[in-house]
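Here is how the chains run, residue by residue.
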Amino acid sequence: QVQLVESGGGLVQAGDSLSVSCAASGRSFSNYAMGWFRQVPGKEREFVAGVSWTGGSTYYADSVKERFTVSRDNAKNTVYLQMDSLKPEDTAVYYCAASSRVTPKGSNYDMDYWGRGTLVTVSS
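(A) Fine view of the environment of Arg67. By the element assignment, Arg67 lies in the loop between strand S6 (58-60) and strand S7 (68-73). Note on Arg67: relative accessible area 10%, which makes it buried. Residues Arg67 and Gly56, 11 residues apart in the sequence, show an inter-C-alpha distance of 19 Å. Ignoring anything within four residues of it in the chain, the contact list for Arg67 reads Gln82, Met83, Asp84, Ser85, Leu86, Lys87 and Asp90. In terms of polar contacts, Arg67 uses its side chain to reach the backbone carbonyl oxygen of Ser63, at 2.8 Å.

(B) Region of interest: the environment of Val70. Position of Val70 among the secondary structure elements: in strand S7. In the structure, Val70 is positioned 22 residues away from Val48 in sequence and 9.4 Å away in space, judged by C-alpha atoms. Setting aside anything within four residues of it in sequence, one finds Val70 in contact with Trp36, Ala49, Gly50, Val51, Thr58, Tyr60, Val79, Tyr80 and Leu81.

(C) Representation of unusual backbone geometry in the model. Despite not being glycine, Glu66 has its phi angle at roughly 75°, a positive value. The topology assignment puts Glu66 in the loop between S6 and S7. Exposure remark for Glu66: the relative accessible area of 76% places this residue in the exposed category. Of note, Asn77 is a non-glycine position whose phi angle comes to about 55°, a positive value.

(D) Summary view of the state of the cysteines. Evaluated as defined, the whole model comprises one disulfide. Sulfur-sulfur distance for the disulfide between Cys22 and Cys96 comes to 1.9 Å. Given an S-S torsion of about 50°, the disulfide between Cys22 and Cys96 has right-handed geometry. Remark: Cys96 occurs in strand S9 (residues 92-99) and Cys22 occurs in strand S3 (residues 18-25); sequence separation between them is 74 residues.

Each value, and the rule that gives it
Residues numbered from 1 in each chain as written. Predicted model: local features only at pLDDT ≥ 70, side-chain atom pairs only at ≥ 80, totals over all residues. Heavy atoms only, no water. Helix = DSSP H or I, 4+ residues; strand = E, 2+ residues; numbered from the N terminus. Buried < 20%, exposed > 50% of the residue type's maximum accessible area, 1.4 Å probe, protein only. Contact = heavy atoms within 4.5 Å. Polar contact = N/O pair within 3.5 Å; in protein donor to acceptor, adjacent residues only side chain to side chain. Disulfide = S-S within 2.5 Å.

Okay, structure coming up:
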């Protein structure tokens, strides 16, 4: 069993930066690939970024590439998402998730555990 808790969401203006974090507990964090996803009401959950077990490989949705950076610190059992040049269309609830099998790379993913989410609102 793994518990994931996101934090760091808030309200920012377009063009600003924000960093969200996901703290894991329950089992060895390094055994899991991690991903960030986002969702707005009435729309399908969207892949944002993924990072492999050791952090050696990262993947991003085209919509956030060159603006967002995912990283992890296994000693702290934490994964991060640094968001720069935020746009109003980035507004969503951001979720972190863990997979014991595969690093999420895009629309095809299989996550075992999910956090409850943290809301990021970007105003124009």
